[in-house]
Amino acid sequence: MGQHTINAISAALFAIVANILVGRIDFPTDIVSDDVTVDFIVVGSGASGSPVAGRLSEIPEWDVLVLEAGGKPPPESRIPGFSINFIPHNNRYSYNYRTTPQKYSQLNYKNHTNQFPRGKVIGGSSAINFMMYNRGNRYDFDRWAELGNPGWDYQTVLKYFKKSENYRGHLTSENEAYHGIGGPLNVESKRWGTPVMKAYLEAGRELGYPTIDPNAASQIGFNTPDTTTKNGERGSAAEAFIKPNLHRQNLRIQADSQVTKVKRAYVRKEVILSAGAIDSPKLLMLSGIGPKQHLESVGIRTLVDLPGVGQNFQDHPSIYGISWTVPKGMASSYQRLLSPWSKLQYITNRRGPLSAPMGVEGNAWAQLGDGQDPTFPDVQFLIVSLSLAIDYGLVLSPAVGFKREVYEDYFQPDQGREGFNIGPMLTVPKSRGSITLRSSDPADPPLIDPNFLSHPDDVELFVKGIKFALAIGNTTAMRNGIGATFNDRPVTGCKHLLYGSDDYWRCFTHRMVSTTCHPTSTCMMAPDSDPNGVVSSRLLVRGVTGLRVIDASIMPLITSALVVILHQGHTSAARPHEAPAVHCRVCSFPSLFGPPFDIVFAILTETAMVGDRDVLLGMHFREGVDGSAFMESNALRPSPTSSGLNYDPAAKICRATLADPLTLPAMPKLPLVLLGAPPQLRRCLRTLGLLREACISKA
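Reference entry: report on the structure contained in this document. Computed from a predicted model, the values in this text were never measured in an experiment.

**Focus: the overall build of the chain**
At step 1: Scanning the chain from N- to C-terminus turns up 18 helices and 31 strands.
At step 2: Expressed as a percentage of its 699 residues, the buried residues of the chain come to 61%.
At step 3: Restricting to contacts in the chain with at least 6 residues of sequence separation, those with at least 24 account for 71%.

What follows is the structure, encoded as structure tokens:
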């Protein structure tokens, strides 16, 4: 039986069970005529394209069309425990890309290459990934700003993360300032874990590391991940940002629409590439935008010579194979995942093994190199409670990509046994790769060359990371708590070296390092002074009118985490096309607030800051304000957190700062300027009795 047949049987099994558990996924799509003209075309419905499209469609006058190469997501994508199903090669919901043969890494992988899955489905890779929600370190974003990209510092980016988020995880006084509530993207704590999960948190404490929320103040420590799930079901970017807004007449998504090059013939305002760090540079180059010499070598006429397109490729290299076995019941297994108990748990309350990404127990972050900032980690550790040999080498090992002889020599003695892997992953690698075209044929996959370990410093940091992983596994919590036994067999290709020496671990690194599939930086954001820059800080492509790139490819430097959604991008796309903010001076209220004073209203079609809140409608009292009230429909009640009139599109709530708790009938009807404001804001104001007319002139 061939590997393709085994993968097909496995996928069919998961699909049958998923149909029983959750049924079909309904995602309305459109078929748009070839000659249609819209204001914006967004290419890709993944972690960036979906929020971009949802944000732009808030303006009723703008027609937004999303083009997605893949089709509707399958039922199994909704079940977090079935995310393991999307790893094998030749998956119909992935592009099934592969890396080029590597010179310095992947030496124990078939042909020194490995698969590089990218989502080809509505929701993109967010519909097939492992759903861990990690934003990155504040230093990541501050570095972007220091490189000459204004508006991308941590404090600015944080407000967009909070605005997008509906956090349902564990809130404390230490992390609540870093999370948002009421946004479209649901984030919750992982709902289930094996004994490995609790043991490694205890191991962290044994080593002196705290249990942390990595999206809050500090990222040094151990954690169980928050996930982009809602009540135990996957919440892809498309489910969060596009699907709830498809009732808008100006937002459409067309599936099974493979874009082959960029044209502006049918776009009134902009084309926005959100195809990801592999396909966005590919589309630019197919369109004649990229390094002239390379384009000419594959027979493409150069329209704009941009040397940086496809260059500066960065990814998180990681090691698989630092593994332990544990007694039955301590780690993940297919038997437990698919057991009647597991299915019953999921059907009745969306709990149990199916409610969490299979094997994903948590992360640890440490600074092991020579970094000057002690709060900035340079190595992340992925704790996965899934033995590569648990399935007797049928699916997992071929999916990861190891040579058969490596599996038989290194992993096979433990086949069928439960276990876990601690994988060091470099958060800020120094090696750089590239994306180039194989040919001028859009159907040809691009050449993906991560060039892992080409910088020697990456190898040395991995050696330190391996030693730290071994220290975790050697703690009392792991050895005695769950009976962990380390796989100390010498790895294939390194048996000639003294086991455990630095030279051995360097060899191990070159043999076992591969991708974590977090590609970035191939359309780098940079100031005009940087010759390798591709887009400006507002994500406009150099030398081209009406074209932006908004996805992970614009990152100048990769972030030290797994997941980043570029919320700043949709602000950049919307801002130049929106009506300017209109400030109106309105009446004074001596009867309500004692001494007369002025109130200034600013209805903004973009955003404003009121205190530290990001709002669509700002209400500023010049003097006399000494209290707070919370308005919802026809009721008022105290709210100490309110600092301005704020519309929350998810909760449909208006908040106002008032001098006294007032009843709604006492509220005056105020003239408001609503140029470009979304209809939800209008409805909210009407409910509160505050809307009298659509527009007045400037005061």
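**What about the pairing of strand β2 (residues 64-67)?**
At step 1: Burial along β2 is two-sided: V64 and V66 facing one way and L65 and L67 facing the other are all buried.
At step 2: Alignment of strand β1 (residues 38-43) against β2, held across 4 bridges, turns out to be parallel. For V43, the partnering residue across the bridge sits in β2 and is L67.
At step 3: The sheet contact formed by β2 and strand β11 (residues 251-254) spans 4 bridges and is parallel. Within β11, the residue paired with L65 across the bridge is R252.

**Some details on the pattern of salt bridges**
When their charged atoms lie close together, side chains carrying opposite charge are able to pair.
At step 1: Applying the stated criterion to the full structure yields 21 salt bridges.
At step 2: Through salt bridges with shared partners, one network takes in D39, D63, R268 and K269.

**As for the packing of aromatic side chains**
At step 1: One pass over the full model with this rule turns up 26 aromatic pairs.
At step 2: Aromatic side chains F381 and F468 sit 5.0 Å apart centroid to centroid with 35° between the ring planes, which places their arrangement in the tilted category. Taken together, the residues span a long stretch of sequence, with F381 in strand β18 (residues 379-384) and F468 in helix α13 (residues 456-473) at a distance of 87 residues. Grouping residues by exposure puts F381 and F468 together as buried.
At step 3: Judged by centre distance (4.9 Å) and plane angle (70°), the rings of Y504 and W505 are edge-to-face. Like Y504, the residue W505 is buried in the burial classification.
At step 4: One aromatic cluster in this structure is built from Y109, F402, Y407, Y410, F411, Y499, Y504, W505 and F508.

**Notes on the sheet that holds strand β24 (residues 547-549)**
At step 1: The sheet built from 5 strands is open, its strands ordered β11-β2-β1-β12-β24 with parallel pairing. Each end of this open sheet is capped by a strand with a single partner; those strands are β11 and β24. With strand direction ignored, the average angle separating the axes of adjacent strands in the sheet is 20°.
At step 2: Each of β1, β2, β11 and β12 (267-273) touches helix α2 (residues 49-56); the most contacted strand, β1, lies at about 165° to it.

The rules behind each value
Residues numbered from 1 in each chain as written. Predicted model: local features only at pLDDT ≥ 70, side-chain atom pairs only at ≥ 80, totals over all residues. Heavy atoms only, no water. Helix = DSSP H or I, 4+ residues; strand = E, 2+ residues; numbered from the N terminus. Buried < 20%, exposed > 50% of the residue type's maximum accessible area, 1.4 Å probe, protein only. Contact = heavy atoms within 4.5 Å. Pairing = 2+ DSSP bridges. Salt bridge = Lys/Arg side-chain N within 4 Å of Asp/Glu carboxyl O. Phe/Tyr/Trp six-rings, centres within 6.5 Å; stacked < 30°, edge-to-face > 60°. Axes fitted to C-alpha atoms, helices over the stretch in contact; angles between N-to-C directions.

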